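Residue strings, one per chain:
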Amino acid sequence: RIPIPQNYICCFVTQLVFEKEGVYLHTNAKRSNQDTTIPGFIRIVERGGEPALEWSALEDEGRNAAAVFYTKKDGEGGVEDTNFDPGYEPDWAVISTVKRDRVREHPPVKETSQWSFSLPLSELYSLRRSRFSLGRNFLVFTSRGGHPLPPLHFHRGGTRELLRALQRYIILAPSPVDGRLFLAYAHDSGALSQSFDDLHLFDDGSSDLVSRFIQDPYATTFGGFSKVTNFFRGALRPPDSPFHPRGPQDHHGPPSADDEPGFELITCGVELGPKPDVTRGQPLDKWEEFLDPEGRVKDPQRIKELVFRGGITPSLRKDVWKFLLGFYPWNSTVKEREDILRMKTDEYFRMKVQWKSVSEEQEMRNSLLRGYRSLIERDVSRTDRHNTFFSGNDNPGLTLLNDVLMTYCMFNFDLGYVQGMSDLLAPLLFVTQNEVESFWCLTGFMEMVHQNFEESQEAMKQQLLQLSLLMKALDPELLDYLDSQDSGSLCFCFRWLLIWFKREFSFEDILSLWEVLWTRLPCENFHLLMAASILESQRGEFIGSDHDFNTILKHINELTMKLDLQTVLRGAESNYLQLACCKELPVKVQEVIGLYVPPSPDDETSPESESHETQQLLSQSQAAATETSQSSNSTAAAARPRPTYP
């Protein structure tokens, strides 16, 4: 098929509705003879009364019209498509891709005009908002033929303005399975009715259901249904303000476009009480008194609570860390631990011999092992060199760091070595001063964070999403400001979460921080509450300023070694207690902080409660805190008992 001729398009009377510059198209960087990024303009225009979305390169502005890739399909027209490949792999990027039904050859690209496109809005099927490419927003539009247009990167912002302009002509309804995907519908209830039927979200098959829902969605929902999806809330959003962020006082407006997918109760907003004051305790400084005559730890829960509250005195870290990281079971005796150490030592050196015995000739034919060795050597040479344990040339500490990481590759060859693992190992090796013990402590640590290093980066994407949920509940004004500056994805927190703040605090502070996090109190995502605490501490710097994305990123990076650990820990625990006391906390937020677990298929009616560890923490937190009132009979409240405070 061939594109519509340019003179065919120019014959219509054109009215410019919206225009934004600084919108870049990223071409295939694997082709050295092409530009990798092309600056241009995004526009909404009306030609002959029909609105269309267009992008054209900056170099084409003096020409009559741009080449057309996508046009409305009719009896004579057709579609010319490119099998577009973004081609770049930015560090720590999280990019969703769409598989195509069929592969087509790239058309020859001789000039930037051939990347331009025009798409009638009647042919727009969906758009996806993403914020993980190079820290900037990008949109991917898909036509009704199922073909995605090249991703458009908004280097100067403007996605919200574009989406508001689009809402003049179409309804953008969030997909019920993907909060960043929006489906396009015409402004009529017929399209919505069809979508309702396709999703089978209502059991009521009456013909006037949709009309009743559109006329009075709240009454219809509360009268006959208990839940409503973001799909409906997005579809019923007023066209003139589809993506207007809600402030903390705007409890009755429609949810924002960034609401999470899935079923949620319709509520009137989250009312959080004041943040409780939190105090830290003294480090754990006694160990023998917690052991019975055979060496078993008598009260592991008490140990975890003391560590969470104040950390561990340096002289005891070598012993206690091995329990926190699973090297020794809490209920093991001294004799059993001796046997465990002997077996684990044998196992470690068997694995070490495996890579040590590989000859240079063999390694030349094993590109994977060769690649791991190269990465490890590079990272070891720059890991904590300011620390005397790893400083200087030919330092034995560096040799141990290298050998433990190489042995971990043999232990977990599927994962192998990923940049950042050396940061996790260095403090373990420094404290244990032992090759074998540091290795097995690393395996325990990696059990907690191994998903951070998986190639798909889905776990990191999920954590950034969960952090956004926490910020939406804790400080929606700050999140709205960051979102307005194309920083709402919180991607600048990526390094914090990847290696648990290793490069944000001093080496000694990291020893204290990690042992607190290893207790898994009050929840497994306490590191996310810490990130929220840091962001809240910077709200005075951000709100009211003219910071753009680059300035925000620069400011966050400059916080390194300037944060007070105890202040951040107090803020994180205060955040947890504040959320835990909220009567109407959304289920999604409850899940993030471990206060709600979906019922298992075997026992759907049994409510899940906090773990014993969390209950113990809550019971001994803040004697001056106000006792929470009795839980309501709502579904969310029934899912977990409310924490009580003495």
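In this numbering scheme, every chain counts its residues from 1 along its sequence in written order. Under the rules for a predicted model, residues below a pLDDT of 70 receive no local features and side-chain atom pairs below 80 are neither given nor counted, while totals for whole chains, interfaces and linings still include all residues. Water and hydrogen atoms play no part in the side-chain values, which are based on all heavy atoms of the structure.

In the nomenclature of an unreviewed UniProt entry, the protein chain corresponds to TBC1 domain family member 15 from the organism Salmo trutta. UniProt positions are given in the numbering used here, feature names are shortened, and annotations may be inferred rather than shown by experiment. You can read under Function (unreviewed entry) in the UniProt record for the protein chain the words "Acts as a GTPase activating protein for RAB7A. Does not act on RAB4, RAB5 or RAB6." Quoted straight from UniProt, the Subcellular location (unreviewed entry) entry for the protein chain says "Cytoplasm".

Only runs of H or I of at least four residues qualify as helices and only runs of E of at least two qualify as strands under DSSP, and these elements are numbered from the N terminus. Looking only at helices and strands, one finds 25 helices and eleven strands in the protein chain. The buried share of the protein chain, taken over its 646 residues, is 52%. By definition, residues are in contact when any of their heavy atoms lie within 4.5 Å. Considering only contacts in the protein chain between residues 6 or more positions apart, those separated by 24 or more positions represent 68%. Using a 1.4 Å probe, the Shrake-Rupley method yields the accessible areas, and only the shown protein chains count as cover for residues. Total accessible area on the protein chain stands at roughly 30,200 Å², and carbon and sulfur atoms take up 49% of it. Per-residue accessibility, obtained with a 1.4 Å probe over protein chains only, is compared with the maximum for each type, and a residue is labelled buried under 20%, exposed over 50%, and partly exposed between these values.

Turning next to the environment of alanine 532. Tracing the sequence through the fold places alanine 532 in helix H19 (residues 526-537). If sequence neighbours within four positions are ignored, alanine 532 has contacts with Leu467, Met471, Leu474 and Asn575.

A word on the packing of aromatic side chains. Only rings of Phe, Tyr and Trp enter the pairing, Trp through its six-membered ring, and a pair is recorded when the two centres are within 6.5 Å. The plane angle decides the type: under 30 degrees is stacked, over 60 is edge-to-face, the rest tilted. According to the stated counting rule, one finds 23 aromatic pairs in the structure shown. Here the aromatic rings of tyrosine 348 and phenylalanine 349 are separated by 5.1 Å at their centres, their planes lie at 80°, and the arrangement is edge-to-face. A relative accessible area of 0% means that tyrosine 348 is categorised as buried. Chaining the aromatic ring pairs together yields one cluster made of Tyr348, Phe349, Tyr408, Phe411, Phe439 and Trp440. Just above the ring of phenylalanine 327 sits the side chain of lysine 344; from NZ or CZ to the centre is 6.0 Å. Above the face of the tryptophan 440 ring, lysine 344 is positioned so that its terminal group lies 4.1 Å from the ring centre. Two thresholds decide whether a charge sits over a ring: the Lys NZ or Arg CZ must be within 6 Å of the ring centre and within 35 degrees of the ring normal.

Another aspect to go through is the pattern of salt bridges. Here, a salt bridge means any side-chain nitrogen of Lys or Arg that lies within 4 Å of a carboxyl oxygen of Asp or Glu. Using the criterion set out here, one finds 29 salt bridges in the structure. The partner of glutamate 508 in a salt bridge is arginine 317, with the nearest N and O atoms 3.0 Å apart. Linking glutamate 508 in helix H18 (residues 507-518) with arginine 317 in helix H8 (residues 314-324), this pair joins segments that are 191 residues apart in sequence. Residues lysine 352 and aspartate 403 are paired through a salt bridge, measuring 3.2 Å at the closest nitrogen-oxygen approach. Here lysine 352, found in helix H9 (residues 334-356), pairs with aspartate 403, found in helix H12 (residues 396-411); they are 51 residues apart in sequence, far enough to count as distant.

This part is about the nonpolar core. One finds Leu513, Met530, Leu535 and Ile593 to be the most contacted residues of the largest nonpolar core, which totals 114 residues. Boundary definitions for the domains trace back to an automatic or database domain assignment. Taken domain by domain, this core gets at least three of its residues from each of domain 2 (314-451) and domain 3 (458-593). Listed in part, the 29 residues of the second largest apolar core include Leu53, Tyr169, Phe182 and Ala184. We define a nonpolar core as any set of buried Ala, Val, Leu, Ile, Met, Phe, Trp, Tyr and Cys residues linked to one another through side-chain atoms lying within 4.5 Å.

This brings us to the confidence of the model for the protein chain. For every residue, the predictor assigns a confidence score, pLDDT, that lies between 0 and 100. Looking at the protein chain, the pLDDT average stands at 74 and 65% of residues meet or exceed 70. Note that pLDDT drops below 50 for residues 189-269; the model gives that stretch 140 contacts with residues more than four away or on any other chain.

Take the side chain of lysine 344 next. Along the chain, lysine 344 turns up in helix H9. Those residues within four positions of lysine 344 in sequence are excluded, and the remaining contacts are Phe327, Val436 and Trp440.

Our next topic: the pairing of strand E2 (residues 37-47). The buried fraction of E2 is high, at nine of eleven residues. As judged from the eight bridges shared by E2 and strand E3 (residues 50-57), these two strands associate in the antiparallel manner. Each residue of the ladder has a partner; that of glutamate 46, found in E3, is proline 51. Linkage of E2 to E3, two consecutive antiparallel strands, is achieved through a turn of two residues, within which glycine 48 is found at a positive phi near 60°. By this definition, two strands are paired if DSSP reports at least two bridges between them.

Once that is clear, we can look at unusual backbone geometry. A cis amide bond links leucine 521 with the next residue in sequence, proline 522, at an omega value of -10°. Take proline 522: it is sitting in the loop between H18 and H19.

With that settled, the discussion passes to the environment of threonine 37. By the element assignment, threonine 37 lies in strand E2. Measuring from C-alpha to C-alpha, the distance between threonine 37 and tyrosine 24 comes to 6.3 Å, with 13 residues separating the pair along the chain.

With that settled, consider the packing of helix H13 (residues 421-432) against helix H14 (residues 435-449). Under this scheme, a helix contributes an axis fitted over its contacting stretch, all axes are lines through C-alpha atoms, and angles between N-to-C directions fall in the 0 to 180 degree range. Between H13 and H14, the least distance of the axes is 9 Å, while the angle of their chain directions is 135°. Taken together, the axes of H13 and H14 are oblique relative to one another. Judged by the twist between their axes, the crossing of H13 over H14 is right-handed. Residues Met421, Leu424, Leu425, Leu428, Leu429 and Thr432 of H13 pack against Glu435, Glu437, Ser438, Cys441, Leu442, Phe445, Met446 and Val449 of H14. Roughly parallel refers to an angle under 35 degrees, roughly antiparallel to one over 145, roughly perpendicular to one between 65 and 115, and oblique to any angle outside these ranges. Crossings are sorted by hand: turned counterclockwise from the far helix by less than a right angle, the near helix makes the crossing left-handed, and turned clockwise it makes it right-handed.

A separate point is helix H15 (residues 458-474). Given a rise of 1.5 Å per residue, 17 residues ought to cover 24 Å, and the 24 Å separating the end C-alpha atoms of H15 matches this to within 8%. With respect to burial, H15 is a largely interior element, twelve of its 17 residues being buried. Listing the buried residues of H15 in full gives Ala459, Met460, Gln463, Leu464, Gln466, Leu467, Ser468, Leu469, Leu470, Met471, Ala473 and Leu474. Multiply 1.5 Å by the residue count of a helix minus one, and that product is the helix's expected span.

For the rest of this paragraph, the subject is helix H16 (residues 476-484). Buried within H16 are the following residues: Leu478, Leu479, Tyr481, Leu482 and Asp483. The positive-phi residue at the C-terminal boundary of H16 is aspartate 486, with phi of around 60°.

Two numbers describe a pair of packed helices, the interaxial angle and the distance between the axes. Between H15 and H16, the least distance of the axes is 5 Å, while the angle of their chain directions is 125°. Taken together, the axes of H15 and H16 are oblique relative to one another. Taking contact as the criterion, the partners of Ser468, Met471, Lys472, Ala473 and Leu474 in H15 are, on H16, Pro476, Leu478 and Leu479. Each residue receives one of three labels: charged for Asp, Glu, Lys and Arg, nonpolar for Ala, Val, Leu, Ile, Met, Phe, Trp, Tyr, Cys and Pro, and polar for the others, Gly being one of them. Broken down by class, the residue content of the contact of H15 with H16 amounts to six nonpolar, one polar and one charged.

With respect to the helices and strands, the residue tryptophan 500 is situated in the loop between helix H17 (494-498) and H18. Counting along the chain gives 27 residues from tryptophan 500 to histidine 527, while the straight-line C-alpha distance between them is 7.1 Å. Excluding residues that lie within four positions of it along the chain, tryptophan 500 makes contacts with Phe445, Met448, Val449, Arg495, Ile510, Leu513, Trp514, Leu517, Trp518, Arg520 and His527.

Before going further, it helps to spend a moment on the side chain of lysine 352. Residue lysine 352 is classed as buried on the basis of its relative accessible area, which comes to 12%. Two N or O atoms form a polar contact when they lie within 3.5 Å of each other; inside protein one atom must be a possible hydrogen donor and the other a possible acceptor, and for residues adjacent in sequence the pair counts only when both atoms belong to side chains. In this structure the side chain of lysine 352 is engaged in a polar contact, spanning 2.8 Å, whose partner is the side chain of glutamate 435. Lysine 352 has contacts with Asp403, Thr407 and Glu435, leaving out every residue within four places of it along the chain.

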